[in-house]
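The chain contents come next:
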Amino acid sequence: MTLQLREVSFRIDSKLLLSNINISIQPAKIVSFIGPNGAGKTTLLRVASGALSAPGVTLDSKPLKALTPEGRARKFAFLNQSSELNFPFKCLEVLHLGRIPHRTSRRCNERIVEEVINSLSLDKLVDRIYTTMSGGEKQRVQIGRILCQVWDNIDSAFVFFDEPTAELDLAHQLRFFDTVKMLAARGASISLVLHDINLASRFSDELILLKSGKILAIGSPREVVTRANIRDAFSVQAEVHHLSCRPIVQANSVIKD
Amino acid sequence: MSINKAVKFILLIFFLVAWSVFSLSVGAAKVSIPDIFAVLQGSKVDNLQSLIIMELRLPRILLAIFVGAGIAASGAAIQGLFRNPLADPALIGVSSGAALFGALYLVFIGVFFQALYGLALSAFLGGLLTTCLVLEVGRRDGTISAMLLAGVAINAIAVACIGLLSYISSDVQLRSVAFWALGSLGSADWNNIYIASLIPLIIIALSLESARLNAITLGEAEALHLGVSVRSLRVRIILLTALAVSIGVALTGVIVFIGLVVPHLVRLTMGSTHQTVIPASALLGGLLLLVADTAGRTLVAPAEVPVGILTALIGGPFFVFLIMRSKGSLGI
């Protein structure tokens, strides 16, 4: 299954947030959207996931809009940066929320939740109350929830993360990307919005560099993360090194206009 | 459902039935429990006792249970919809909006058509309007505190308008308008019960939205990604809760804090999924209002304390306690 965006533009009122975006999101691949604040990364993620609807988004050449909300929810899972959940749900109950779009039996749902708990090692958290957990623990539970949403058809699933590592410490970041790699290995398409170029470069198969709603560069991390691209996108002077074939950026100074 | 949860549900139902029987027996005139069962079976023909049980106490008990259940279940659903454990139909102005429209009906139209249905309908309109207004404020500003503040303003406006109405109304009207400000079950009769019997249907309809309400507690964007059509869910919940609350207001006046406190107690003891919270809140809300009303009419018998005063006296401090305990984690 391939998610295709062809000549996609998106505007709110008269403001053009995305213009002429052409990308395709493939199974078993990790794609990261990078770029400065306000470049349209999150908007692009929302358009691609169907949360915002725009013409030109197709799933296997059928318009994404043709899917019912429930049908889409069975294939597409989306994790926002932070959750607003402030009711004292048990972690186990939060995981079960991922099964809402499905009409599967209770036994099947319990099996899926159990499998997700095992694969993310959430067993210590299941009986805890969500509102009493730390940021990192909440994040793990939320990731578990969206995995429960697409676990039974993971090889044809699209999983979207909006700045998933923003509030995570180093260990949690690494653990998060282990999960992402595991999902991709099982055939899921992963799309991420990341602020940290080095994380994006290290863990992505493909990078999409956005500026002012346009694609500035697209390709492998080596092709996208270059001095020139970083300068054009972020207006900073940066050094680019390479560590085991992955580029690393060190920003040195802001370019004054 | 776990065994633990099932036991708690059974306990709730048991207490509800037991307290109903107790409430039938106590009051200005005591009726023994064997006499109650005799009257209920129709085998007892003591006119006075049968009148007290069948025409006074039984409708009043049913009304307390229905209205308490309706307010508490609505509170649970509204808290889920607004993603705020502190939302309450009375707190955000729905009840007072309904009361104002009810009072308007009584003073201006009720002179010509003294019909209970018109009163209920008018209260429903008021409740619906205020819910939509509060929701719109919340949507524009995007914060829950804006919504609660709007509720404070609506409450003040409604109380002021009801006060103004009291200047232009006759003595009889004044008495019924004043009755709203306090909330009382004293006017219960079988006609009230016929209207109130809509409430169990509304509670069932709310229960059917449980999974979608669970989804929306994660946030509206998350609910969309779980395949929930947030807009239509919001319309359904608003209509259903406005109807339940307005029926309650039309029949008993404004009863505060049941809608806030009860879902909270349920979450504390039985968990937060709406599959549990809505039916358990209904049962506990019915039970609490019944207990409060029984206390209200026996404490100072033969006079009685309007039940709204009791729920406010108990619920108010509890609410302050909740706010202090939450230490800013409630998102307001």
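Located above this text is the structure these notes cover.
Residues numbered from 1 in each chain as written. Chains lettered and ligands numbered in written order. Predicted model: local features only at pLDDT ≥ 70, side-chain atom pairs only at ≥ 80, totals over all residues.

## Quick look at the interface of chain A and chain B
Listed per partner, the contact involves 22 residues of chain A and 22 residues of chain B. Of all elements in the fold, only helix H2 (69-75), strand S6 (76-79) and helix H3 (91-97) of chain A reach the threshold of two or more residues within the side of chain A that touches chain B. With four residues, H2(A) is the single largest residue contributor to the side of chain A that touches chain B. Class assignment of the residues belonging to the side of chain A that touches chain B gives a composition of 13 nonpolar, four polar and five charged. (Contact = placed C-beta atoms within 7 Å. Helix = DSSP H or I, 4+ residues; strand = E, 2+ residues; numbered from the N terminus. Nonpolar A, V, L, I, M, F, W, Y, C, P; charged D, E, K, R; others polar.)

## Some points on the pairing of strand S8 (residues 189-193) of chain A
All names here are of chain A. When you tally the buried positions in S8, you get five out of five residues, the bulk of the element. Across the two faces of S8 the burial is the same, with Ser-189, Ser-191 and Val-193 and Ile-190 and Leu-192 all buried. Sheet analysis places strand S3 (residues 30-34) next to S8, joined by four bridges and oriented parallel. Paired with Val-31 across the bridge in S8 is Ser-191. (Buried ≥ 20, exposed ≤ 12 C-beta atoms within 10 Å, placed from the backbone. Pairing = 2+ DSSP bridges.)

## Comments concerning the sheet that holds strand S2 (residues 15-25) of chain A
Residue and element names in this part refer to chain A. Sheet architecture is open: four strands sit in the order S2-S1-S4-S5, paired in antiparallel fashion. With one partner strand each, in any of the chains shown, S2 and strand S5 (62-63) form the two edges of the open sheet. Across seven bridges, strand S1 (residues 3-12) lies against S2 in antiparallel orientation. Bridged to Arg-11 within S2 is Leu-16. Each of S1, S2 and strand S4 (57-59) is contacted by helix H1 (residues 41-49), which is oriented at about 60 degrees to S2, the strand it contacts most. (Axes fitted to C-alpha atoms, helices over the stretch in contact; angles between N-to-C directions.)

## Thoughts on the sheet that holds S8(A)
All names here are of chain A. Ordered by their spatial adjacency, six strands build an open sheet running S6-S7-S8-S3-S9-S10, and the pairing between neighbours is mixed. The outermost strands of the open sheet, each flanked by one partner alone, are S6 and strand S10 (214-219). Going across the sheet, the axis of each strand differs from the next one's by a mean of 15 degrees, ignoring polarity. In the sheet, S6 pairs with strand S7 (residues 158-162) via four bridges, with the strands oriented parallel. Note that in S7 the partner of Leu-79 across the bridge is Phe-161. Helix H6 (residues 170-185) rests against S3, S7 and S8 of the sheet, and its axis sits at about 150 degrees to S8.

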